[in-house]
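As a plain string of letters, each chain reads:
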Amino acid sequence: MTTAPALDSKQQAAIDAAQVAVQSRGYWTTVAGRIRDDKVTMVCAFVLLLIVFSAMFSDLIALADPYKANMLKRLAEIGAPGYPLGADEMGRDMLTRLLYGGRLSLFMGISPIVIAFVIGGALGLVAGFLGGRINMAIMRVMDVFYAFPSVLLAVAISGALGAGIGNAIVSLTLVFIPPITRVTESVTTQVRSLDYVEAARASGARSLTIIRVHVLSNVLGPVFIYATSLISVSIILASGLSFLGLGTEPPEPEWGLMLNTLRQSIYVNPWVAALPGAMIFFTSLTFNLLSDGLRSAMDVRL
Amino acid sequence: MLNYIIRRVLYVIPIGLGVTVLVFALVHMSPGDPLSAVVPPDAPEEMVQELRKAYGFDKPLPIQYATWLGRVLVGDLGVSVARGREVVDELRIAVPNTFILAAGGTLLGFTLGAILGGIAGFFQGRWIDKLATSIAITGVSVPHYWLGLVLVIIFSVEMNVLPSIGMGPGGSTAWEWNAEHMRHLVLPVITLSVIPMGLITRTVRATVAEILNQEFVQALHAKGLFQRQVLAHIVRNAAPTTLAVMGLQLGYLLGGSILVETVFQWPGTGSLLNSAIFERDLPLLQGTILVLAMFFVLLNLFVDILQSAIDPRMSRR
């Protein structure tokens, strides 16, 4: 055995410091640190919180009644007295309706992803962990859903079920279950063949324990990131269904529906008509940027 | 290679059958009487029964499915309840119109995306990369039906230089290669191109960046190849992935143009779906969804085979 040259005090101190750093900085601390250093993600998180809070507390912030029509103020210009962002085709205050509109648009965009995350995640976990025939059965059914472009599938299901918030959420959930299942299945299959899962099995751990302790902790992160990256599409699609008349019904304030009803007025007051779409755009953009930031902070590769 | 192609082609059969089951189930889970579109609410009961028999709605569902599938296989999609015309004839007019939009959107998106993504990949971390990446993320985040509306506001309402709706003069429903039809194409094609543009920019950027990191690129430089020759190698390596994304995007635009077609009142499959849904015209709805989904399945097949043909690594997996 060769003896290493003795460490001088500076070197020793550096090594000690590194060890302390490794001990104190867990994975989530590292992730939080990376997010804090990422200006774009921080700004997006702030903007998103602003959008969510202004939708949640719109009844406190908004000055007007979102349903109160005033025929004299129809399509008032942006900046008209008492109507900071103008008025819609029924003379309702645009700013108020944009604030209230966030409630339904966010709810209809996010809830399908949450439901699909639970259902698709469970299906993918089962398919990936059990493999064999069950995997075949689940994944082939998903392949059939994959045979439809997502917009077509959403429109087809919503069109068949009829207009309504519930039906729109059902159809969007069905659109997002297959991709989430597929991602979960492939990550689970990878994790399942790792050595330490084999070791756990060899040492007599039950399947449920292995799933709960080893598989879930490795699969959840990537699938969560993937699901967040779908929220932006989901919001665009949810408002798109309302835009087609398949989601929310009048007089509810919802961005997609507002865009639809204001479409007839583009020759009278074009820029008021474009406002609801701008809200959809900003919301979807911040979700996309935030998801990208989370992905690089959590160092997930899909 | 041949083995892979045969397996891939055969796989279309179960998927295709699955698609027919799903389309049939979709339409039959819709609430309400499928006859409500043709029968006035005060029609006598015998007449309703007779029509029910004529459309085959009186038989049990599996039998209805089997008869429907049998007819579909010989190219008979039934008669549109609301319009009283063959669904196939309606599609024959609408599908080419949608295809023109989708192809135009994909081509424009692909061209812009390949250029932006290539530049971004080569100059990673520089301002031009950041610019291209920002354009790409804007492209995938923008609700395209809103972008269409904004383009109409700018170019039709404010500047009055381009038409806002329709496919040609006087409500034309058949494409012609003339200036007037081309003018109608501009705004919808730009609108449809933003999503493929964003996705292809991201794909090309990631692929180029990955290839540049591989050793063979350094080897090519070391061999003394000109920049141009090295570029040719990079393009050849990036092509399969990029083409696959482009192929799928064409499929997405074909099946998903309903929103943009609604904005521009384009006489394609989107407006067909729209009227089928709101007039509760089940044969038309069923036929249109089925044809669009089948296009997508075949396009997927074509992309997979093409990819394995130009990238030998694929079929060996």
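Residues numbered from 1 in each chain as written. Chains lettered and ligands numbered in written order. Predicted model: local features only at pLDDT ≥ 70, side-chain atom pairs only at ≥ 80, totals over all residues.

**Some words on the overall build of chain B**
Here's step 1: Counting secondary structure elements, chain B contains 13 helices and zero strands.
Here's step 2: When the helices and strands of chain B are placed in sequence order, the string is α-α-α-α-α-α-α-α-α-α-α-α-α.
Here's step 3: Looking at chain B as a whole, 37% of its 317 residues qualify as buried.
Here's step 4: Sequence-distant contacts in chain B: of pairs separated by 6 or more residues, those separated by 24 or more amount to 74%. (Helix = DSSP H or I, 4+ residues; strand = E, 2+ residues; numbered from the N terminus. Buried ≥ 20, exposed ≤ 12 C-beta atoms within 10 Å, placed from the backbone. Contact = placed C-beta atoms within 7 Å.)

**Description of the overall build of chain A**
Here's step 1: Helices and strands together make up the secondary structure of chain A, namely twelve helices and zero strands.
Here's step 2: Helices and strands in chain A line up, N terminus first, as α-α-α-α-α-α-α-α-α-α-α-α.
Here's step 3: For chain A, the C-alpha atoms occupy an extent of roughly 95 × 55 × 30 Å along the three principal directions.
Here's step 4: The buried share of chain A, taken over its 302 residues, is 44%.
Here's step 5: In chain A, once contacts between residues fewer than 6 apart in sequence are set aside, the share between residues at least 24 apart is 69%.

**Regarding the interface of chain A and chain B**
Here's step 1: Tallying the contact residues gives 34 residues for chain A and 39 residues for chain B.
Here's step 2: Among the secondary structure elements, those contributing two or more residues to the side of chain A that touches chain B are α6 (132–146), α7 (150–161), α10 (207–243) and α12 (270–298) of chain A.
Here's step 3: Its residues placed into classes, the side of chain A that touches chain B shows 23 nonpolar, nine polar and two charged. (Nonpolar A, V, L, I, M, F, W, Y, C, P; charged D, E, K, R; others polar.)

**Focus: unusual backbone geometry**
Here's step 1: The step from Pro250 of chain A to Pro251 of chain A runs through a cis peptide bond, and the omega angle for that step is 5°.
Here's step 2: Secondary-structure assignment places Pro251 of chain A in the loop between α10 and α11 (255–262).
Here's step 3: One non-glycine residue with positive phi stands out, namely Asn160 of chain B, at about 55°.
Here's step 4: For Asn160 of chain B, the location among the structural elements is in the loop between α6 (144–158) and α7 (179–212).
Here's step 5: Residues other than glycine seldom take positive phi values, yet Arg280 of chain B does so here, at roughly 50°.
Here's step 6: Tracing the backbone through its elements, the reader meets Arg280 of chain B in the loop between α11 (269–278) and α12 (282–310).

**Remarks on the packing of helix α4 (residues 87–122) of chain B against helix α9 (residues 227–256) of chain B**
Residue and element names in this part refer to chain B.
Here's step 1: As a packed pair, α4 and α9 sit with axes 9 Å apart at the nearest point and diverge in direction by 145°. Two packed elements cross with a definite hand, and for α4 against α9 that hand is right-handed. On α9, the residues touching Thr98, Phe99, Ala102, Ala103, Gly105, Thr106, Gly109, Phe110 and Ala114 of α4 are Thr242, Met246, Gln249, Leu250, Leu253 and Leu254.
Here's step 2: Grouping the amino acids of the contact of α4 with α9 by side-chain chemistry returns nine nonpolar, six polar and no charged. (Axes fitted to C-alpha atoms, helices over the stretch in contact; angles between N-to-C directions. Left-handed = near helix turned anticlockwise from the far one by under 90°.)

**Overview of the nonpolar core**
Here's step 1: Counting 143 residues, the largest nonpolar core has Leu152, Ala154, Val155 and Ile180 of chain A together with Ala293 of chain B as its most contacted members.
Here's step 2: In terms of residues, this core owes the most to one element, α10 of chain A, which gives 16 residues.
Here's step 3: Those residues in contact with Val155 of chain A that lie beyond four places of it in its chain are Leu244 and Leu246 of chain A together with Ile258 and Leu273 of chain B. (Core = buried A, V, L, I, M, F, W, Y, C linked by C-beta atoms within 7 Å.)

**Focus: helix α5 (residues 127–141) of chain B**
Here's step 1: In this model α5 of chain B runs 21 Å from its N-terminal to its C-terminal C-alpha over 15 residues, within 8% of the 21 Å that 1.5 Å per residue would give.
Here's step 2: For α5 of chain B, every residue scored as buried is listed here: Ala132, Ala136, Gly139, Val140 and Ser141 of chain B.
Here's step 3: Looking at the buried side of α5 of chain B, the elements it contacts are α10 and α12 of chain A together with α4 and α7 of chain B. (Expected span 1.5 Å × (residues − 1).)

**Some thoughts on the confidence of the model for chain B**
Here's step 1: Across chain B, the average pLDDT comes to 86, with 95% of residues at 70 or higher.
Here's step 2: The ipTM for the predicted assembly is 0.89, set against a pTM of 0.88. (pLDDT = per-residue confidence, 0-100.)

**Remarks on the environment of Val183 of chain A**
Here's step 1: Along the polypeptide, Val183 of chain A turns up in helix α8 (residues 165–192).
Here's step 2: Along the sequence, Val183 of chain A and Val223 of chain A sit 40 residues apart, while their C-alpha atoms lie 6.7 Å from each other.

**Some remarks on the packing of α10 of chain A against α12 of chain A**
Residues and elements named next belong to chain A.
Here's step 1: The geometry of α10 relative to α12 is characterised by a closest axis approach of 9 Å and an angle of 170° between their N-to-C directions. Put simply, α10 runs roughly antiparallel to α12. Within the contact between the two elements, α10 uses Gly221, Ile225, Thr228, Ser229, Ile231, Ser232, Ile235, Ile236 and Ser239 and α12 uses Ile280, Thr283, Ser284, Phe287, Asn288, Ser291, Leu294, Arg295 and Met298.
Here's step 2: Per-class residue counts for the contact of α10 with α12 are eight nonpolar, nine polar and one charged. (Parallel < 35°, antiparallel > 145°, perpendicular 65-115°, else oblique.)

**A look at the environment of Val161 of chain B**
Here's step 1: Inspection of the secondary structure puts Val161 of chain B in the loop between α6 and α7.
Here's step 2: Note: C-alpha distance between Val161 of chain B and Arg183 of chain B (22 residues apart in sequence) is 9.3 Å.

**Examining helix α2 (residues 45–55) of chain B**
Here's step 1: Counting buried positions along α2 of chain B gives zero out of eleven residues, so the element sits mostly on the surface.
Here's step 2: In the stretch just after α2 of chain B, Gly56 of chain B is the one whose phi turns positive, near 80°.

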